[in-house]
Every structure is written in structure tokens, then in C-alpha cells.
Amino acid sequence: MQNKISYKLIFLIFLISLVVTSISVYIQIKKQYENQLNSFEKSLNSIEKNQVPILSQSLWNIDDLAVNIFLKNLVNNEKVIYAEIIENDEKTISVGKIKKINIIKKEFEIEKVIDSKIHKIGELIVIADLAPMYKELKSNVISIIFTEIIKMLLISLSIIFFMKKLLTNPLEKMALYANQLSLENLHKPLKINNTTKAKFNELNILTESINTMRVNLIKQINQSEEKNNILAQQSKLAAMGEMIGNIAHQWRQPLSLITTTASGIKLNYEIGALDKEKVDNYTSKIINSAYYLSDTIDDFKDFFKPNKNKKYFKISNAFERTFTLLNSQFINNNISFIKNIEDIEIYGFENELIQVLINILNNAKDELINKKDQKLFIFIDVFFKDNNVCICIKDNAGGIEDSVINRIFEPYFTTKHQSQGTGIGLYMSEEIVSKHMKGKLSVQNVDFEYEHINYKGAEFKIVINKNEKKDQKLEDI
Ligand SMILES: Nc1ncnc2c1ncn2[C@@H]1O[C@H](COP(=O)(O)OP(=O)(O)O)[C@@H](O)[C@H]1O
Ligand SMILES: [Mg+2]
């Protein structure tokens, strides 16, 4: 019974039983007191009816002995402690001791009928002691209070016992179940050993609701997992689209070299100037270009291989591979990289980091190509600080508008034209960094100076803890 409601209930039960008990004790005692007092008065009054006529005869006969015996008999009665007779001539006869408190005093006139006329011949005073009655009442009160307290305790204890068994225990079990509920044991339903089998019992209804909530949760998790899978798929497709654009770029030059070389062979053959040296020269040019084409295809193929195992890899290596995949478009658009990359190894999926870098660099490129009359830069800093690896990528494209900067990591958020933007890139990058690399991806607009010119741009920062355990659970996208 650690919870407060149980304590409150017990306190209330005690309080209510105490009030009820007190009232019932009061009523019982008052009734007893009134009954006893009544019977007391009745027995005293019966003296007047039954005894006084006998006394009147003795008094008339001036039989002092009989009067004395009469008085002694009266006082022998357990209640009467004093009896006194005052005769008409002021002569008094008394038996017993007088007391001042806790008494009832009764006065009876003693009369004699002579010639049909009533004559007063004296007065009888009787004093009865109430103390024995009070004593008896007191012991009754004590026994009543005692039995009522025991009754109250028994009732309260049995209420507490049943409350604990029927209510508190199942509720505590439910609380424990709710506390321990996690993704791993979500399939385990809540079971309460309810003693009553009634289907519409409150606890059964509550248990049912918790289980329904659990089932709904499982459904929603499955749905959101499905959504995430779709997003991951879409993001890979989007990346692939951008890659194909790059392949086309990178292939343009070797392909045109192959075409011009082939036309060279044809032309030289037609004018009869094709000797062995020229054939060797032309074929090696064609073979080299073909090798180049095949190499670039291998780079892209590697990137799209599914993730297998986490491993240690150099961040500089991940950047090299990213540049191989993207370089041509950046060179074509006159975008320069200012690199300052420390030689640091981290643990994880290299391809995933490359995917994040491609997303950030492509976004920077998309903004930079809209800039005219300025040099275009992307600054890359990789360094180690406070046990964290920081990767900072900053451009000088003017930054992100304040009204949207908080939304750019949302899925499907894009400011680009439908044919250009999907809005998945940064969402997926943030998922990869936070869920798979246990790191943090953040963005801010920065003002800075480079080569004596002031610029503004967006700075993306990836912070990964270097102590990330090697044996951590593998999570696939
Ligand atoms: N370097 C940047 N400079 C300015 N805006 C950016 C930059 N990087 C991203 N953004 C903004 O973030 C939005 C979301 O980017 P992203 O999730 O990659 O989707 P997409 O590139 O398909 O629009 C972009 O549409 C753009 O408005
Ligand atoms: Mg993008």
C-alpha cells in the first residue's frame, strides 16, 4: 500500500466508522440510562402504592417498633440508602445515612382515612443512591466501546484486505505492466487474475482497454515502419537519380574522346595514312577511356551495394569517395572546396555517411548555382573536440530563410521545383545520423569573412560521439 489513494481510503474508512460507532454508542448508552432511570423511579413509586398504607396503619397505632422495622426493610433494599418519617408532632424516626450527590429524593405523604375523611398523619422521605446505577452504566459503556472498536477494526481490516486483493493488487500489476511496456514486449498482453469472472467488471474493462491500446500501438508501429521503409527507398531512388546525372556528366568527356578517336581512325584510313603506330595510339586512347568509364561505374556500384557490416573507416576516405562521385558537377559549376579534414576514424556504415555527405553537398550546390557575380565555395572542416567528431559543411550561398530553417529536416519539405526537389534528402540524413550513428545533425546560418569578403551561408554540422561502442546492435535502414 504505497500509493496515496489507498492511504486516503483507509483513513476515510476509519473516520466514517469512528463517527458511526460513536453515534451508535451514544444512542445505546442514552437508551440504557433512560431505561434504568425509569425502572428506578417505578420501583420507588411502588413504595407509595404498596408500602405507605401499611406504614400509615403502624403510625396510627403508634407502633414504633413496626415503624422501625418498616424503615429498616426499606433501607435493606439495595437502592434506598436513607429513610425518614416525620410525624405530625415533628417527631422524626430515621434509618441509614444521608448523601448529597447522585441521589433521588422522594417525599410521600402518609394519610389515614377516618370517617371518609383523609387526614395527613406524617411524611415519609426516601433517598435512593444512583451511584451503583452509574457504576453499572460505566462498565456497560466500556464494554460497548470495546466491542464497537473491535467491530470497527474487523470491518476496516476486511475492507482493506478485499480492497487490496480486488483493486490495489491488480492496479499495481497494471502499473508495473505499463512501466515495463516497451517495443520488445509489446506482443505480450496484460493478464489480471481477476477473482470475479464478470465481463463488465471495471478491472476487466480497464485491462481490455490497455490491451486494445497495445494492439493499436502495434498496428501504428507497423504502419510507421512501412512508411519509413518507403521513405528510405525513395531517398535511395532520389540519390540514384542524382548519381545518374553525375554519371552522364562524367561519361561525356571519355565518350566524346572515343567518338573523335574512332572518326580519326576512319579519316586516316580513308586518306591511307593509317600506320601501326597510329593504330596503337588510337586504340590505347579508346581502351583508356573505356577503363575510365568502367571505373566510374564501379564507384557508383559500390555506393549502391547494400550495407553489410559496420566497420572502422576514415572520414577522409568517405570524403574522397564522395568527391569521386560528385566532382564533375562541382567543377563544371566553378564551385571550389576549401578542405580542412583531420585524419579521424569512426565506426559505422561508410556508405551511409557518404549518402549524408552527398545530400548536404548537393543541396549546397543547388543553392550556389543560383548565385551570380561571386566566387562559389564550400568549406569542409573535420576535427576532434571533447571526445566528439565534428563534420562541418558550410557554403556561401546566402543561408536558409528563417521561416523554413526549422522545417528542412521534415520529410517531403522542399523549396525547390517539383522536378528538382523531393524533400527527402535532409530527412533521411537526419535519420541516418541520429538513429544509425547515434549522432546529431544540425543547421544554422552563419556570417563569415573569406579572402577579405563577407559572406552568409548555411552551415550543417554532424557531431558523432567517438566512444560509440563497437558491439552496439546493428540497425538496418
Ligand atoms: N545549403 C543550403 N542552403 C539553403 N537552403 C538549403 C540548403 N540545404 C538545404 N536547404 C533547404 O532545405 C530544403 C530541404 O532539403 P532536402 O531535404 O535535401 O530536400 P530537397 O533538396 O529535395 O529540396 C531545401 O529545399 C532547401 O530549401
Ligand atoms: Mg536535397
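Now for a description of the structure that goes with this document. (Residues numbered from 1 in each chain as written. Chains lettered and ligands numbered in written order. Predicted model: local features only at pLDDT ≥ 70, side-chain atom pairs only at ≥ 80, totals over all residues.)

Regarding the site of ligand 1
And step 1. Contacts to ligand 1 come from 19 residues, most closely from Asn363, Thr414, Gly421, Gly425 and Leu426.
And step 2. Elements represented by at least two residues in the shell around ligand 1 include exactly helix H7 (350-368) and helix H8 (425-436).
And step 3. Among the residues making up the shell around ligand 1, the classes are represented as 8 nonpolar, 8 polar and 3 charged. (Near = placed C-beta within 6 Å. Helix = DSSP H or I, 4+ residues; strand = E, 2+ residues; numbered from the N terminus. Nonpolar A, V, L, I, M, F, W, Y, C, P; charged D, E, K, R; others polar.)

Some words on the sheet that holds strand S8 (residues 376-385)
And step 1. The mixed open sheet is built from 5 strands, whose spatial order is S6-S8-S9-S11-S10. Of all strands in the sheet, those bounded by a partner on one side alone are strand S6 (335-341) and strand S10 (440-450). Between one strand axis and the next, the sheet turns through 20° on average, direction left out of account.
And step 2. Pairing of strand S9 (residues 388-395) with strand S11 (residues 453-465), which is carried by 7 bridges, proceeds in the antiparallel orientation. What sits directly across from Cys390, in S11, is Val463.
And step 3. Packing of helix H6 (residues 315-332) onto the sheet brings it into contact with S6, S8 and S9, and relative to S6 it is tilted by some 175°.
And step 4. Each of S6, S8, S9 and S11 is contacted by H7, which is oriented at about 20° to S9, the strand it contacts most. (Pairing = 2+ DSSP bridges. Axes fitted to C-alpha atoms, helices over the stretch in contact; angles between N-to-C directions. Contact = placed C-beta atoms within 7 Å.)

Quick look at H7
And step 1. With 19 residues, H7 ought to run about 27 Å at 1.5 Å a step, and its terminal C-alpha atoms sit 27 Å apart, in line with that.
And step 2. Counting buried positions over the 19 residues of H7 gives 15, a clear majority of the element. (Expected span 1.5 Å × (residues − 1). Buried ≥ 20, exposed ≤ 12 C-beta atoms within 10 Å, placed from the backbone.)

Focus on the nonpolar core
And step 1. Counting residues in each nonpolar core, the largest one holds 39 residues, and the members touching the most others are Val356, Leu357, Ile358, Ile360, Leu361, Ala364 and Ile393.
And step 2. When residues of this core are traced back to their parent elements, those giving at least two are H6, H7, S8, S9, H8 and S11.
And step 3. Ranked by the residues each element gives to this core, the list is headed by H7, at 9 residues.
And step 4. Ignoring sequence-local partners within four residues, the contact set of Ile393 consists of Ile360, Leu361, Ala364, Ile378, Ile380 and Phe460. (Core = buried A, V, L, I, M, F, W, Y, C linked by C-beta atoms within 7 Å.)

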